[in-house]
Amino acid sequence: MIRALVLLLILCTDLSCPELVAAELVGAAPVSRDDPEGAESSHRAISSAAGLAVVVTAHPLATDAAREMLKQGGDAVDALVAAQTVLAVVEPQSSGLGGGGFLLHWNARQQTLEVLDGREQAPSSSQPDDLLRSDGGPIPWREASSQLRAIGIPGTVALLWDAHQRFGRLPWDSTFQPAINLAREGFRPTPRLLRSISLAKRIGTGHSPGFDQLYRPGGERPSLDQVFRNPVLGDTLAQIARDGGPTFYDGVLAAQILNGIADLGSNEQAFQGWSSADLKNYSVIRRRPVCHPIQRWKLCTVPPPSGGGLAILQTLALLDATGVISNPRRPKAWQRFATALQWADADRSYWVNDPNDWPVPMQGLLAPQYLRGRAKAMLDQPYSLPGPGLPPGRSRYPFARTSPGIEQGTTHLSIVDRHGNMAVYTGSVETVFGSRHVVAGMVMNNQLTDFAFQPAIQGRPVANRRRAGKRPMSSMAPLIVFEQGQPVLAVGSPGGRTIPHFISRVLMASLLWGLTPEQSVAMPHLSIRGNGLVAERDSPIPWPFAWTELSGGEQEIRSQPLNSGIALLQLIQGRWHGVADPRREGTAIAIP
Ligand code: GLU
């Protein structure tokens, strides 16, 4: 169900906000570390739906495919497989079989919550200094993002297979059918896909003739009426559908992938290649979610190697500990929020990395007395740039500090089925179209640029340094809120390092301010870069005051589009309400 601008105008009246900015196509923004993928939103219609079972994804065709699975009696996981495989075809700039992701899964019958970590992994040939030039400086990010050394062993297929083996109700191959059909028969692009193709072109596609053949046929930017087909991807999907997920890692398809990578490798001298063991040894890691109580709720999300979850939990805990200012019309409420984001970011960017490499002191970082100390320090010095804290049990800082890298090409979907099972999933190829390399029809990720490029600074190791077999730090953070032991809200978003900013803002609006799901998603975002504030420009619901008031005169502030892609589910009087972010092109659909 698409409710258009009218709804937003009504919401605006509620928030006493000024006139709504009209829908418009904004030209592609320059690529920079401060412009998450497609910071060039064009959408203003909000899609929402309510029912017993609800699907929210980033693309109408993926939402339809997921709904179809649920209608056939499928589990949330069947719907997830259908949605992610369709997204691989129709939203290849964001996620796909050549990428990775995190699933937060709620099993309603067993009342269990689990994280499946399908994050990409560095191949065995990886060296800590792979992304350094010969003079020791980091390779420029654009160049690094298109190298084969940026591609991690993909985890998406292993994640979908593992989840489906345990929770799927429909035959595995039937969940692939919608994607196979779309890849073979074709689909029309959305405006965002076309903008993403232009963006990829500007980052660089010269190294990948496969990309241009698929997405810029004839060397031209395609138009909205062009039908896109990817028959090779259709065959790859059909093979996985027939032979199961393991074929990707140790079967006919694995051999095809290794050949494809080896062929591309002949153009990149320093690339040491992938071995068959790199694929064979890849496995999904089942992790315990990290949870934290906030008022009457328990918030659960994914642990390291993602730092997004930790940042959200700390942000909400800091807000709670400093006394929530529960009026969105007061700039002070937002200033407090921005300061909490900043203090949480300082910890996640310092302490988080793959826990198989160095353990992350999660318990200490979420310990009540530690958070109370951080909250007090935050109130005492609201405008100074905070450093990481020393959690209980730590008496010194073992790592060098680094500045965060660039992260940009991701999708999020949230699904609840009629039994109450939930699949809350964020999938990614890293930047727009990942490395832009294409193997077996699949866009390959550049997720290994999420490692710190410099493994050590002045002799001190960097926590998130690159190493063979390691998974790079992420910001992805699918999250479920529980009340009295039962899920009442599920949320996630793309957005690179701003993911925790987006999700914390949604939680502040929904839980602490009590706004409706539509308001929570559509109201403006506030982010923090270094010591400066970034206020969302052209948000679906405008700021209820002049955004310049946010700085309180003390902090630098600028405004720019902040292109989240939130998929929110919220339980209201026994019915799930789903909302897709009007900043992108997603839809929400319910089964009554
Ligand atoms: N590579 C990022 C991460 O793992 C996600 C990028 C994005 O959200 O656009 O956190």
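Throughout, residues of each chain are indexed from 1 in the direction in which the sequence is written. The model is predicted, so local features are restricted to residues of pLDDT at least 70 and side-chain atom pairs to those at 80 or more, both for listing and for counting; the totals for chains, interfaces and linings are taken over all residues. Side-chain measures here rest on the full set of heavy atoms in the structure, leaving out hydrogens and waters.

Asker: Looking at this structure, how should I read the pattern of salt bridges?
Answerer: In a structure, side chains of opposite charge can pair up when their charged atoms sit close to one another. Basic side-chain nitrogens of Lys or Arg form a salt bridge, by our definition, when they fall within 4 Å of a carboxyl oxygen of Asp or Glu. Applying the stated criterion to the full structure yields 23 salt bridges. With its nearest N and O atoms 2.8 Å apart, the salt bridge here joins Asp 162 to Arg 286. Linking Asp 162 in helix H5 (residues 156-167) with Arg 286 in strand E6 (residues 285-287), this pair joins segments that are 124 residues apart in sequence. For the salt bridge of Glu 483 with Arg 296, the shortest nitrogen-to-oxygen distance reads 2.9 Å. Helix and strand assignments follow DSSP, with helices taken as H or I runs no shorter than four residues and strands as E runs no shorter than two, numbered in order from the N terminus.

Asker: Just to check I follow, could you spell out the site of the ligand for this structure?
Answerer: The immediate surroundings of the ligand are formed by 16 residues, with Thr 410, Glu 430, Gln 447, Ser 475 and Gly 496 found nearest. Pairs of N or O atoms are called polar contacts if they sit within 3.5 Å, as long as, within protein, a hydrogen donor faces a hydrogen acceptor (for residues adjacent in sequence, only side-chain-to-side-chain pairs). Arg 119 is positioned such that a nitrogen or oxygen atom in its side chain is 2.7 Å from an oxygen atom of the ligand. Within the side chain of Ser 474, a nitrogen or oxygen atom sits 2.9 Å from an oxygen atom of the ligand. Here the ligand, which alone exposes 300 Å², has 100% of that area covered by the protein. Of all elements in the fold, only strand E9 (409-416) and strand E10 (422-430) reach the threshold of two or more residues within the shell around the ligand. Residues that form the shell around the ligand fall into these classes: three nonpolar, nine polar and four charged. We define proximity as follows: a residue is near a molecule or strand when any one of its heavy atoms falls within 4 Å of that partner. Accessible surface is estimated by sampling points in the Shrake-Rupley manner with a 1.4 Å probe; for residues, cover comes only from the protein chains shown. Side-chain classes are defined by residue name, with Ala, Val, Leu, Ile, Met, Phe, Trp, Tyr, Cys and Pro counting as nonpolar, Asp, Glu, Lys and Arg as charged, and the others, Gly among them, as polar.

Asker: Could you clarify how one ought to interpret the sheet that holds strand E19 (residues 557-560) in this entry?
Answerer: Strand-to-strand pairing in sheets goes through backbone hydrogen bonds, with the strands running parallel or antiparallel. Spatially, E17-E18-E19 is the arrangement adopted by the three strands of the open sheet, whose pairing is mixed. In this open sheet, the two edge strands, each paired with only one partner strand, are strand E17 (526-529) and E19. Each strand of the sheet is rotated relative to its neighbour by a mean of 30 degrees, with strand direction disregarded. Taken strand by strand, helix H14 (residues 331-351) contacts E17 and strand E18 (532-536), and its axis lies near 45 degrees from that of E17. One requirement defines pairing of two strands: DSSP has to find at least two bridges between them. Interaxial angles span 0 to 180 degrees and are taken between N-to-C directions of axes, which are lines fitted to C-alpha atoms, for helices over the stretch in contact. In this description, contact between two residues means that some pair of their heavy atoms is separated by no more than 4.5 Å.

Asker: I keep staring at the nonpolar core and nothing clicks. Help me out?
Answerer: One broad rule of soluble globular proteins: the nonpolar side chains tend to lie buried together. Nonpolar core, defined: a set of buried Ala, Val, Leu, Ile, Met, Phe, Trp, Tyr and Cys residues in which side-chain atoms within 4.5 Å join the residues together. With a 1.4 Å probe rolled over the protein chains alone, any residue whose accessible area is under 20% of its type maximum counts as buried; one over 50% counts as exposed, and the rest are partly exposed. The biggest cluster of nonpolar side chains holds 89 residues, and the ones touching the most others in it are Leu 299 and Leu 507. Here this core takes nine residues from H14, the largest share from any one element. Those residues in contact with Leu 299, other than ones at most four positions away along the chain, are Val 290, Cys 291, His 292, Ile 294, Leu 313, Leu 316, Leu 479, Ile 480, Val 481, Leu 507 and Leu 511.

Asker: Could you clarify how one ought to interpret the side chain of Ser 145 in this entry?
Answerer: If you trace the backbone, Ser 145 turns up in helix H4 (residues 141-145). Reaching out from Ser 145, the side chain makes a polar contact with the side chain of Arg 436 at a distance of 3.3 Å. Those residues in contact with Ser 145 that lie beyond four places of it in its chain are Ala 150, Ile 203, Gly 434, Ser 435, Arg 436, Asn 446 and Thr 449.

Asker: How should I be thinking about H5 in this particular structure?
Answerer: Helical periodicity: at 3.6 residues per turn, an α-helix aligns residues three or four positions apart in one direction. Between its first and last C-alpha atoms H5 spans 16 Å; for 12 residues at 1.5 Å apiece the expected length is 16 Å, and the two agree. Of all 12 residues that make up H5, nine are buried, and the element is covered over most of its length. Of all the positions in H5, only Thr 156, Val 157, Ala 158, Leu 159, Leu 160, Asp 162, Ala 163, His 164 and Phe 167 are classed as buried. Here the expected length of a helix is defined as 1.5 Å per residue gap, with one fewer gap than residues.

Asker: Would you mind going over the packing of aromatic side chains with me for this structure?
Answerer: Each aromatic ring pair is characterised by the separation of its centres together with the angle its planes make. Whether two aromatic rings pair depends on their centres lying within 6.5 Å, for rings of Phe, Tyr and Trp, where Trp uses its six-membered ring; planes under 30 degrees apart make the pair stacked, over 60 edge-to-face, and the rest tilted. On inspection of all chains with the given rule, the structure shows 19 aromatic pairs. Taken together, a centroid distance of 5.0 Å and an interplanar angle of 45 degrees make the contact between Tyr 215 and Phe 433 tilted. Taken together, the positions of Tyr 215 in helix H8 (residues 209-215) and Phe 433 in the loop between E10 and strand E11 (438-439) put the pair 218 residues apart, joining distant regions of the chain. Taken as a pair, Tyr 215 and Phe 433 share a single burial class, namely buried. Cluster of aromatic residues (ring-pair linked, three or more members): Phe 187, Phe 211, Tyr 215, Phe 228 and Phe 433. Geometrically, a charge over a ring is one whose NZ (Lys) or CZ (Arg) sits within 6 Å of the ring centre while staying within 35 degrees of the ring normal. The ring centre of Tyr 397 lies 5.8 Å from the NZ or CZ of Arg 401, which sits over that ring.

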